[in-house]
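Reading the structure
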Amino acid sequence: MPDHSTIIAVSSAPGQSHRGLIRLSGPQSWEMVRTLGVTLDHPRQLTRAHLDFDGRKLPCLVLGFRGPASYTAQDIVELQLPGNPSLLDQVVHRLIQQGARMAEAGEFTFTAYLAGKLDLTQAEGIAATIHATSQAQLQAAKLLRQGNLGSFSHQLVDALATALALVEAGIDFTDQEDVVAITPRNLAERLADIHRQLTDLMANARSWGALEAMPRVVLVGPPSAGKSTLFNALLGKQRAVTHEQAGTTRDILAEPMLLSRADGSQVEVMLMDIAGLDDAANALDQNIQKAARQSIEQADVIVHLGKCESAADTIRVRPKMDIPNMHEASEDDILPISAKTGMGLPQLKRAILAKLGDRGVSIAAEKLALQPRHEAALKQATDAVADALQYVQPQVQQH
């Protein structure tokens, strides 16, 4: 359980930036920033101020919230400062000297949960947002953060509580003329509706593990075949270093890539750029080649640049088609492409989708992703409601 101290943390992303954010939460937060020469007169009003810091006037923006009308239900102050990590650390250290305590990981959200500002699924959604590594995970975390699963669960709990109350009233007040016991048929209908909602949710949701296990699309070929250039072109951004010199790619690069289906839906895959396949000259090269071949073995789809043995999971492409007189006539099953001009890239993306079939991670707007705890609780609830229906159904037939 948290104590009643005032906690502090740098809440902006690590590293240099134009603006950094320091957040305090606790009963002394407003008073602590006053020791730095900042006066907060009005809650929820962004104020220009200057911190009195080692004889210097440091410009900042200050925003204060009074509890319980705040994220944590406590008094909160946010300081927006120049995003220099050293400067932010110095300000945090000064406020710690005034009595603040460094927040533990997730403590702001934990405080909000204990105060009833968030339910557990919303808190899990915030954690999932922080740790998301793909667009699909961000979308799934957003639904949790918005409370979609929590709202659904509360509705079913209320429905079950109502049914239970009606059953208990029929047992406890049978001698009361104005109390009419719930009929077995009515109870069975209520339970069947709850059971249907539970089974529909589990059938239409997906496992969180599926979001973490995106299909792998691996770019394969000899050194200087143009894999890294194609990698950047497919992603639409400069992610891999490219150079005419062979062997530029040493480590395995992996980046989520969105692909659009013909029906307008999107799926997400993990695009991987590996070292060119050649003979290893030393121990380091041997390890690099071993890692590259392991990636190939684990691939769902291989995009091979150049000549190779065709396989069911392989798409053969002929790169650098923008270079005149470089290629001989292409075979029918080899797709000519140019990462530089974009030639053949739409066809390549469609070919990847065709190879994947239904294995891509879909970016569904309203499709919940269930973490293991959610799946276990929903399955337990579904089984319990099904058991209750088995007891009630014979009573329905008798009446």
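The model shown is predicted, which means the values in this text are computed figures rather than measured ones.

Thresholds applied
- Residues numbered from 1 in each chain as written.
- Predicted model: local features only at pLDDT ≥ 70, side-chain atom pairs only at ≥ 80, totals over all residues.
- Heavy atoms only, no water.
- Helix = DSSP H or I, 4+ residues; strand = E, 2+ residues; numbered from the N terminus.
- Buried < 20%, exposed > 50% of the residue type's maximum accessible area, 1.4 Å probe, protein only.
- Polar contact = N/O pair within 3.5 Å; in protein donor to acceptor, adjacent residues only side chain to side chain.
- Axes fitted to C-alpha atoms, helices over the stretch in contact; angles between N-to-C directions.
- Parallel < 35°, antiparallel > 145°, perpendicular 65-115°, else oblique.
- Left-handed = near helix turned anticlockwise from the far one by under 90°.
- Contact = heavy atoms within 4.5 Å.
- Salt bridge = Lys/Arg side-chain N within 4 Å of Asp/Glu carboxyl O.
- Expected span 1.5 Å × (residues − 1).
- pLDDT = per-residue confidence, 0-100.
- Core = buried A, V, L, I, M, F, W, Y, C linked by side-chain atoms within 4.5 Å.
- Patch = residues over 30% accessible without salt bridge, like charges linked within 9 Å, V, L, I, M, F, W, Y side chains within 5 Å.
- Areas by Shrake-Rupley, 256 points an atom, 1.4 Å probe, with all protein chains shown as cover.
- Pairing = 2+ DSSP bridges.
- Phe/Tyr/Trp six-rings, centres within 6.5 Å; stacked < 30°, edge-to-face > 60°.
- Lys NZ or Arg CZ within 6 Å of the ring centre and 35° of its normal.

1. Side note on the side chain of Glu107
When you line up the elements, Glu107 lands in helix α3 (residues 107–114). By relative accessible area, which is 8% here, Glu107 ends up buried. A distance of 2.8 Å separates a polar side-chain atom of Glu107 from the backbone nitrogen of Glu104.

2. Observations regarding the packing of helix α4 (residues 120–131) against helix α5 (residues 135–145)
Where α4 contacts α5, the axes come no closer than 7 Å and their chain directions differ by 155°. As the angle between them shows, α4 and α5 are arranged roughly antiparallel. As α4 runs across α5, the sense of the crossing is left-handed. Across from Thr121, Gln122, Gly125, Ile126, Ala128, Thr129 and His131 in α4, the residues of α5 making contact are Gln137, Leu138, Ala141, Leu144 and Arg145.

3. A look at the pattern of salt bridges
Evaluated as defined, the whole model comprises nine salt bridges. For Arg373, the salt bridge goes to Glu124, with nearest N and O atoms at 2.9 Å. Remark: Glu124 occurs in helix α4 and Arg373 occurs in helix α12 (residues 372–398); sequence separation between them is 249 residues. With a closest N to O distance of 3.1 Å, Lys379 and Asp383 form a salt bridge. A residue pair is termed a helical-turn pair when its members lie 3 or 4 positions apart in one helix, as Lys379 and Asp383 do in helix α12 at four residues. Asp383 sits in the partly exposed class, given a relative accessible area of 38%. Through salt bridges with shared partners, a single network forms among Asp193, Arg196 and Asp200.

4. Observations concerning α4
In this model, α4 (twelve residues) spans 17 Å end to end at C-alpha, consistent with the 16 Å of a helix rising 1.5 Å per residue. Within α4, the full set of buried residues consists of Thr121, Gln122, Ala123, Glu124, Gly125, Ile126 and Ala128.

5. Notes on the confidence of the model for the protein chain
With 84% of its residues at a pLDDT of 70 or more, the protein chain has an overall mean of 82. Between the elements of the protein chain, mean pLDDT differs from a low of 62, seen in strand β14 (residues 361–362), to a high of 96, seen in strand β1 (residues 7–10).

6. A short note on the nonpolar core
General note: in soluble globular proteins, nonpolar side chains tend to be found buried as a group. Core analysis: the biggest nonpolar cluster contains 25 residues, and Leu149, Leu198 and Trp208 have the highest contact counts within it. Counting only elements with at least two residues in this core, the list comes to α5, α6 (148–172), α7 (184–204), β15 (369–370) and α12. A total of six residues in this core trace back to one element, the largest contributor, which is α7. Beyond its immediate sequence surroundings of up to four residues, Leu198 is in contact with Phe152, Leu156, Leu378, Ala381, Thr382 and Val385.

7. Looking at the environment of Val217
Along the chain, Val217 falls in strand β8 (residues 216–220). Judged by its relative accessible area of 0%, Val217 falls in the buried class.

8. Overview of a nonpolar patch on the surface
On the surface, Phe110, Tyr113, Leu114 and Leu120 cluster together to form a nonpolar patch covering roughly 320 Å² of accessible area. Considering each element in turn, the nonpolar patch owes the most residues, three residues, to α3. Following the sequence through the fold, Leu114 ends up in helix α3.

9. What about the pairing of strand β2 (residues 17–25)?
One ladder, built from four bridges, connects β1 with β2; its direction is antiparallel. Note that in β2 the partner of Ile7 across the bridge is Ser25. The sheet contact formed by β2 and strand β5 (residues 76–83) spans eight bridges and is antiparallel. The partner of Leu24 across the bridge, within β5, is Val77.

10. Things to note about the packing of aromatic side chains
Considering all chains together, one arrives at zero aromatic pairs under this definition. Here Arg66 stacks its cationic end above the ring of Trp30, 3.8 Å away from the centre of that ring.

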